[in-house]
Structure formats: structure tokens, C-alpha cells
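A structural walkthrough
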Amino acid sequence: MAKFKNGILGPFSGKCGTVIGSKWKGKDVMRGLPKARTKPFSIKQEAQQTRFKLAMKFANTMKKMLNLTYRDFTDEMQGTNGIISYTLKNAVYGEHPNFFIDYSHVLVARGDLPNVDTAAASSPEPGKIRFNWTDNSGRGIAKAKDTAILIVYCEEQQRSAYKEPGALRSDG
């Protein structure tokens, strides 16, 4: 992929001969057309594609939020790409083709603020979720008035819901 400030006729979008022009994160870029694949994928390539697809399906359920919560850690990519990368390295386990995400190792937000302590979620009645945590105001730069982003992900339906801003750190 090449970056260009101004082509001979200015920036362009779409296919032009053997290249494709587009905008990516506010930059004009151009890349060559993909070559047709003639060889079948190896087992390792199929395994990586399966792992990637699993992480991508998860990340795409909260795309808008991730572009906010990962923005300072993904200069050259979108927030969803940042969490896909993190999830692949830290939270996808199993053997091909039976991969799974260990959600306790997923980070849906990154930054300098320390996470709350002993976070938990429960469902006291159908259709309701209760979040609890221990307030750790004063640790690092954590303050009582910090707001939480509360996220629920349903693996069965491959859907997420989130509330931002949520409760205060001091609310527990």
C-alpha cells in the first residue's frame, strides 16, 4: 500500500488500471489489485483465518465504542483492528477448528486509568444485569468521578450492548 499527498490528477477513489485508490484514516492511499490465489490454504492458514474470524465477529459487535476506547493505542488502525490484534494474542485458545475466546482475557478499553477491582456481573432476574466492583479511587490516577463503560456480550447471539457513560467508579 502506498500513501500519496497528491497524484498527477489529485487523489482518487476506486479502481484505476491495476491500482485501487481510497481514503484510510484521513490519508489518501493506493494499493495494487489482489492476485488470484491458485494454491489451497494450508492447515495453519485455515487455523489463522478461523481465529481471525472469531475475533473479528466479536469486535464488530461493538465497533463504534472500540474506535473510542482504543483510539490512543491504534495510531495506524481503527479501534476494532486494535482489539482484534489484542484478542488474537491474548484471548483466543483451542485447536483448529475448535477455537474459543476466553473473555476474562479480553480488553475492550485501553488507557492509563486503572481498571476497577473485583468486577463482576450477575442477573438477578431475566432481562436485567447487575454490575458490581470495588472502588479503587486513589490508585494511580483513578478518581471517584471516573465513569464506567458497561458492556454485555451474548456469545450465542453474537451481539453486544453497552452503556457509555455508565456509573461512577465510586458507585461500585
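Here the structure is shown first, and the text comes after it.
Reading guide: rules and limits
Numbering of residues begins from 1 in every chain and follows the order in which that chain's sequence is written. Only residues with pLDDT of at least 70 get local features here, since the model is predicted, and only at 80 or more are side-chain atom pairs given and counted; chain-wide, interface and lining totals rely on the full set of residues. Side-chain calculation: all heavy atoms of the structure are included, whereas hydrogens and water are not. Any pair of Phe, Tyr and Trp rings, taking the six-membered ring for Trp, is counted once the centres come within 6.5 Å. Such a pair is stacked with planes under 30 degrees apart, edge-to-face with planes over 60 apart, and tilted for the rest. Going along the chain from the N terminus, every DSSP run of H or I of four or more residues is numbered as a helix, and every run of E of two or more is numbered as a strand. Lysine NZ or arginine CZ positioned within 6 Å of the ring centre and within 35 degrees of the ring normal marks a charge as sitting over the ring. Among buried residues, those of type Ala, Val, Leu, Ile, Met, Phe, Trp, Tyr and Cys that are joined through side-chain atoms within 4.5 Å constitute a nonpolar core. Type-normalised accessible area, obtained with a 1.4 Å probe on protein chains alone, sets the label of each residue: buried when under 20%, exposed when over 50%, and partly exposed for intermediate values. Every case where a carboxyl oxygen of Asp or Glu lies within 4 Å of a side-chain nitrogen of Lys or Arg is listed as a salt bridge. Note on geometry: axes are C-alpha line fits, over the in-contact stretch for helices, and angles between N-to-C directions span 0 to 180 degrees. Oblique is the label for any angle not covered by the other classes, which are roughly parallel (under 35 degrees), roughly antiparallel (over 145) and roughly perpendicular (65 to 115). Crossing handedness: left-handed means the near helix sits turned counterclockwise from the far one by under a right angle, and right-handed means the same turn made clockwise. A contact between two residues is defined here by any heavy atoms of the two lying within 4.5 Å. Residues are grouped as follows: Ala, Val, Leu, Ile, Met, Phe, Trp, Tyr, Cys and Pro are nonpolar; Asp, Glu, Lys and Arg are charged; all remaining types, including Gly, are polar. The span expected for a helix works out to 1.5 Å for each residue beyond the first. Taking the helix axis as origin, the arc is that swept by the directions to the C-beta atoms. The pairing criterion for strands is at least two bridges between them, as found by DSSP.

All chains considered together, the criterion is met by four aromatic pairs. Ring geometry for Phe 58 against Tyr 103: centres 5.5 Å apart, planes inclined by 55°, an arrangement best described as tilted. Of this pair, Phe 58 sits in helix H1 (residues 43–60) while Tyr 103 sits in the loop between strand E6 (98–101) and strand E7 (117–122), placing them 45 residues apart in sequence. Note on Tyr 103 and Tyr 153: the rings are 5.5 Å apart at their centroids and 45° apart in plane angle, and the pair reads as tilted. Highlighted residues: Tyr 103 in the loop between E6 and E7 and Tyr 153 in strand E9 (residues 150–154), separated in sequence by 50 residues. Through successive ring pairs, a cluster of aromatic residues spans Phe 58, Tyr 103 and Tyr 153. Across from the ring centre of Phe 99, 6.0 Å away, lies the NZ or CZ of Arg 51, which sits over that ring.

If you look at the biggest cluster of nonpolar residues, it comprises 18 residues, and the most contacted ones within it are Phe 58, Met 62, Leu 66, Ile 83, Ile 101 and Val 106. If you list the elements that add at least two residues to this core, you get H1, helix H2 (63–69), helix H3 (79–90) and E6.

Across all of its chains, the model carries three salt bridges by this definition. With a shortest N-O distance of 3.0 Å, Asp 28 and Lys 23 are connected by a salt bridge. For Asp 28, a relative accessible area of 14% gives the class buried. Judged by its relative accessible area of 58%, Lys 23 falls in the exposed class. Residue Asp 146 is joined to Arg 169 by a salt bridge in which the shortest nitrogen-to-oxygen separation is 3.1 Å. Here Asp 146, found in the loop between strand E8 (130–134) and E9, pairs with Arg 169, found in the segment after strand E10 (159–163); they are 23 residues apart in sequence, far enough to count as distant. Arg 169 matches Asp 146 in its accessibility class, with the two residues each being buried.

Let us look at the packing of H1 against H3. Look at H1 against H3: their axes get within 9 Å of each other, and the N-to-C directions meet at 130°. On the basis of their axis angle, the class for H1 and H3 is oblique. In this structure, the crossing between H1 and H3 has a hand that is right-handed. Taking contact as the criterion, the partners of Gln 48, Arg 51, Phe 52, Ala 55, Met 56, Phe 58, Ala 59 and Asn 60 in H1 are, on H3, Thr 80, Ile 83, Ile 84, Thr 87 and Leu 88. Within the contact of H1 with H3, the residues separate by chemical class into eight nonpolar, four polar and one charged.

What follows concerns H1. In this model, H1 (18 residues) spans 25 Å end to end at C-alpha, consistent with the 26 Å of a helix rising 1.5 Å per residue. Inspection of H1 places Ala 47, Arg 51, Ala 55, Phe 58 and Ala 59 among the buried residues, and these make up the whole buried set. Summarising the axial view, the buried residues of H1 lie within an arc of 105°, below the 170-degree limit, and thus occupy one face. Its buried side turned inward, H1 meets H2, H3, strand E5 (92–95), E6 and E9.

What follows covers the pairing of E9. Inspection of the sheet shows E9 paired to E10 by five bridges, in the antiparallel sense. From the neighbouring strand, Val 152 faces E10, where its bridge partner is Ala 161.

This next bit is on the environment of Phe 52. Tracing the backbone through its elements, the reader meets Phe 52 in helix H1. Residue classification places Phe 52 among the partly exposed positions, given a relative accessible area of 37%. As a C-alpha pair, Phe 52 and Leu 88 span 36 residues in sequence and 7.0 Å in three-dimensional space. The contacts of Phe 52, once residues within four sequence positions are left out, are Ile 84 and Leu 88.

Function cannot be inferred from these measures alone, as they are strictly geometric.
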